[in-house]
There are 2 protein chains.
Amino acid sequence: MSYYSSHPKLLVAVDCIIFGFNENEHDLKLLLLKRNFQPELGKWSLMGGFVAPDENLDDAAKRIVAQLTGLNNVYMEQLYTFGDVNRDIVGRIISVAYFSLIKINDHDSELVKKHGASWIPLTQLPELIFDHKEMVDKALRKLRIRARTQPIGFELLPEKFTIPQIQRLYEAIYQVPFDKRNFRRKLLLMNLLEKQDDKEKETSRKGAYYYRFNQLKYNELVEKGFNFDL
Amino acid sequence: MSYYSSHPKLLVAVDCIIFGFNENEHDLKLLLLKRNFQPELGKWSLMGGFVAPDENLDDAAKRIVAQLTGLNNVYMEQLYTFGDVNRDIVGRIISVAYFSLIKINDHDSELVKKHGASWIPLTQLPELIFDHKEMVDKALRKLRIRARTQPIGFELLPEKFTIPQIQRLYEAIYQVPFDKRNFRRKLLLMNLLEKQDDKEKETSRKGAYYYRFNQLKYNELVEKGFNFDL
DNA sequence: TCAAAAGTGTTTAAAATACACCCATGT
DNA sequence: ACATGGGTGTATTTTAAACACTTTTGA
């Protein structure tokens, strides 16, 4: 380490933008904390924490999400690193932001309560501390791009889902309605989904067939690069 | 700072992936350094440097590029932050990677020589230290996406250029030929280019008209989000 | 006069969009 | 029997792709 040791070190944190949805709702939500400590006590913020010297960035992000939601296998994607000298009013902190999208009713709601966190609809965001609003905006833009570039699946969707569910998810992400015939056609045309024999019966009397992603075909398509414009 | 002071600090560096092109060439090149110090002496690496406590990340990236190329107004875009515990064999370093694309013959080639750097065609990359190959691959993927999302202009192109030049650039980025009639039509259909009265006469006897980007229309389109599929 | 790169339109194929009715079931 | 969400096909418009000859001019 001798060669590097003369250089100054900095605080490095991870902040997590956790989007949540329920298949039968129409809003995308964001997991926010009401700060119970100074500075900015009482204001809303993202969940974050400092990176330990022996901890990978991705692992730090996973640790923070697990602490807050009880979920251990959440797919997190790195968003951007925010490092302006004055972004935090107390001192300089480099913040590596991560985002993810989870099914709200999968997580442990007790943990969320214990941390003073809440699911806030994106349409009703309160004021956030520091540059957290900028982080959320950037995450939402990236989520939208990502949802067009590769169907949000495997990593971000439950393993079994119906087509109306995935359509509601996309409508929540883009905040626009899609034509259900066209949506279904495009989705199925990718040859990525496998119809199951059972149905989801909670949201309708008729019931909607479950589907699963075909992992092999997904990998093939990711290789080639594909687009999924709606 | 009291509240944060108990947390450990880390070394934070910036590494720069600098792509270069000349309008009349067909290859994209990468600016690489032959290391003249330990560790990994004699191997090739990207240009990097540590972030100072009072320096923004973007500014650190600009500083590093300016040192190496003499160029002061290079547009740099943040790529990704590489932070695995063992990515550097000597000690833990968080590296925020930036990339840019510059016109090779605009820069100060003396500075490049002085630093022991060279322009290496992407098709002939040598082995790089640490995770620098991964950085380059990721940068190239992002450059390709970016070139489809918004025409590489303003930030990454010279202010005055011909259509055959920009086509050669795109062909270098994607490593495929495009039909010149279709390319020209799509480019002009965006209503983003303004034809000048003068011609570039170095690459052909007939000469090709220069164009400029229209800043206003560009901003409008960036707002709405546009795609520029070739 | 010829070599070398610039410039120019049309036809064809593919993809996106708009649109309205029947189905299955629990209450 | 009716209310609720699930499921289906076609015609039209828009966009992308393929393709070959003429122009200019310096050497």
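The rules behind these values
Within any chain, residue numbers begin from 1 and follow the written order of that chain's sequence. As a convention, the first chain written is A and the first ligand written is 1, with the rest following in written order. Whole-chain, interface and lining totals are the exception, using all residues; otherwise, since this is a predicted model, local features are given only for residues with pLDDT of at least 70 and side-chain atom pairs are given and counted only at 80 or more. The basis for every side-chain value is the complete set of heavy atoms in the structure, and neither hydrogens nor water enter the calculation. Residues grouped as a nonpolar core are buried Ala, Val, Leu, Ile, Met, Phe, Trp, Tyr and Cys residues, joined through side-chain atoms within 4.5 Å. Note on exposure labels: buried denotes an accessible area under 20% of the residue type's maximum, exposed denotes more than 50%, and partly exposed covers the range between, all computed with a 1.4 Å probe on protein chains only. By the convention used here, residues are in contact when the closest approach between their heavy atoms is within 4.5 Å. Whenever a carboxyl oxygen of Asp or Glu lies within 4 Å of a side-chain nitrogen of Lys or Arg, that contact is scored as a salt bridge. pLDDT expresses, on a scale from 0 to 100, how confident the predictor is about each individual residue. In DSSP terms, a helix is any run of H or I states spanning at least four residues, a strand is any run of E spanning at least two, and both are numbered starting from the N terminus. When the copies are overlaid, the least-squares fit takes in C-alpha atoms only where the residue has pLDDT of at least 70 in both copies.

Trainee: I tried to follow the nonpolar core on my own but got confused; where do I start?
Mentor: The tendency in soluble globular proteins is for nonpolar side chains to be buried side by side. A:Val12, A:Val14, B:Val12 and B:Val14 are the most contacted members of the largest nonpolar core, which has 52 residues in total. When residues no more than four places from it in sequence are discounted, the contact partners of B:Val14 are B:Met47, B:Gly48, B:Gly49, B:Val51, B:Leu57, B:Ala60, B:Ala61, B:Ile64, B:Ser95, B:Val96 and B:Tyr98. Judged by nonpolar contacts, the second largest core, of 45 residues, contains A:Ile17, A:Leu46, A:Leu79 and A:Tyr80.

Trainee: Any chance you could explain the pattern of salt bridges here in plain terms?
Mentor: Should their charged atoms come close, side chains of opposite charge can pair. Residue and element names in this part refer to chain A. Enumeration over the complete set of coordinates arrives at 22 salt bridges over all chains. The partner of Glu40 in a salt bridge is Lys43, and the shortest N-O contact between them spans 3.2 Å. A salt bridge links Glu55 to Arg63; its shortest N-O distance comes to 2.6 Å. The class of Glu55 is buried, set by a relative accessible area of 10%. Put simply, Asp15, Arg87 and Asp131 are held in one network by salt bridges that share partners.

Trainee: Is there a simple way to explain the confidence of the model for chain A in this structure?
Mentor: Counting all residues, the mean pLDDT for chain A is 89, and 96% of those residues have values of 70 or more. Across chain A, element-level confidence peaks in strand β5 (residues 77-82) of chain A with a mean pLDDT of 98 and bottoms out in helix α6 (residues 215-224) of chain A with 79.

Trainee: How should I be thinking about the relation of the copies chain A and chain B in this particular structure?
Mentor: For the pair of chain copies, the relating transformation is a rotation about an axis with a translation along it. Note on the copies: chain A fits chain B at an RMSD of 0.1 Å, the axial shift is 0.1 Å, and the rotation between them is 180°. In short, the pair behaves as if placed about a two-fold rotation axis. Comparing interface residues between copies, 100% of those in chain A also sit at the interface in chain B, which points to an isologous, same-surface contact.

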